[in-house]
Amino acid sequence: MPKKVMGFFGTREGVGCTHMALSVANYLHSVEKWEVMYLELGDFSHLYPMFSDRVVEKSGDILYAYQGVFYLICPKEKEALRLLDAFDGMMVIDFGRFAKENPLLESRCQRRVLMGGLQPWEREAYATCIEKNKKKSDMAQMEYYSRHVNRKSQVSFAKENGVWVRPMPDIADPFSLEEKDIYYLKQWLQK
């Protein structure tokens, strides 16, 4: 299997982007037995307090290790690209909020997932991200997900914006996956 790079984006904070990315990273390591590196981009990390005492050195880089997954918190794009080229395994990138801050890194993702909300107060942010995405040819293969999806909201949103938003599973703890979570992630990764 060739190296896989997955990028997760959120329409705003709090839509489940980090939660889903962590779930995928932990599934890939614990179930599929891949060596996995998780990059959390941005200027601030909610994960840092959890990992701060788990420092390891890998190929000359200072990373954090937790339950077998290697984490790099808040790297610059140049550092992330260097690691991407050097790392021989699966890479999960949490881009955070959808923006054009890391175009080279975004273009290297073989799978791109945009997560947002379909509640009336969240739709505008989702529609704006979709519109920006349509204008970027390198992001044309984006997948769309939301935590709260019902058939009526899926259909109306598809009519308005031309994309189908799929439901995201309710994974309680990305570091302790249950059998139902493992089943969903296995199916999801085979798409």
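Definitions and cut-offs
- Residues numbered from 1 in each chain as written.
- Predicted model: local features only at pLDDT ≥ 70, side-chain atom pairs only at ≥ 80, totals over all residues.
- Heavy atoms only, no water.
- Phe/Tyr/Trp six-rings, centres within 6.5 Å; stacked < 30°, edge-to-face > 60°.
- Core = buried A, V, L, I, M, F, W, Y, C linked by side-chain atoms within 4.5 Å.
- Buried < 20%, exposed > 50% of the residue type's maximum accessible area, 1.4 Å probe, protein only.
- Helix = DSSP H or I, 4+ residues; strand = E, 2+ residues; numbered from the N terminus.
- Contact = heavy atoms within 4.5 Å.
- Axes fitted to C-alpha atoms, helices over the stretch in contact; angles between N-to-C directions.
- Parallel < 35°, antiparallel > 145°, perpendicular 65-115°, else oblique.
- Left-handed = near helix turned anticlockwise from the far one by under 90°.
- Nonpolar A, V, L, I, M, F, W, Y, C, P; charged D, E, K, R; others polar.
- 1 Å grid on protein atoms, 1.4 Å probe; cavity = no way out; pocket = protein on both sides within 12 Å on 5 of 7 lines; lining within 4 Å.
- Points joined across faces, edges and corners; volume = space filled by probe spheres on them.

**A word on the packing of aromatic side chains**
One pass over the full model with this rule turns up 10 aromatic pairs. Feature note: the residues Tyr 38, Phe 51, Tyr 66, Tyr 71 and Phe 175 constitute an aromatic cluster, connected by ring pairs.

**Describing the nonpolar core**
Phe 8, Val 24, Tyr 38, Tyr 71, Val 92 and Met 115 are the most contacted members of the largest nonpolar core, which totals 31 residues. Counting residues per element, the ones that place at least two in this core are β1 (5–10), α1 (17–30), β2 (36–40), β4 (61–66), β5 (69–73), β6 (90–97), β7 (111–116) and α7 (179–189). The biggest single contributor to this core is α1, with 8 residues. In this view, Val 92 contacts Met 6, Phe 8, Ala 21, Val 24, Ala 25, Leu 28, Val 36, Met 37, Tyr 38 and Leu 39; residues no more than four positions away in its chain are not counted.

**Let's talk about the packing of helix α5 (residues 123–134) against helix α6 (residues 151–161)**
In contact at an axis separation of 11 Å, α5 and α6 are set at 45° when each is read in the N-to-C sense. Taken together, α5 and α6 sit at an angle that is classed as oblique. The interaxial crossing formed by α5 with α6 has right-handed handedness. Along the contact surface, α5 presents Arg 123, Tyr 126, Ala 127, Ile 130 and Lys 134, while α6 presents Ser 153, Ser 156, Phe 157, Glu 160 and Asn 161. Tallied by class, the residues present in the contact of α5 with α6 amount to 4 nonpolar, 3 polar and 3 charged.

**Here we look at the layout of surface pockets**
Of the voids in this model, the largest pocket is the one considered here, and its volume is about 870 Å³. Taken together, 32 residues form the lining of the largest pocket, with Leu 41, Phe 44, Phe 95, Gly 96 and Arg 97 sitting closest to its centre. When contributions to the lining of the largest pocket are tallied by element, the ones reaching two or more residues are β1, α1 and β6. Taken together, the residues of the lining of the largest pocket sort by class into 12 nonpolar, 9 polar and 11 charged.

**Regarding the environment of Arg 54**
Positionally, Arg 54 belongs in the loop between α2 (48–51) and β3 (55–58). The exposure class assigned to Arg 54 is partly exposed, which follows from its relative accessible area of 35%. Through-space distance from the C-alpha of Arg 54 to that of Tyr 71 is 9.8 Å; in sequence the pair is 17 residues apart. Residues in contact with Arg 54, not counting those within four places in the same chain, are Leu 63, Tyr 64, Ala 65 and Tyr 66.

By themselves, these figures tell us nothing about what the structure is for.
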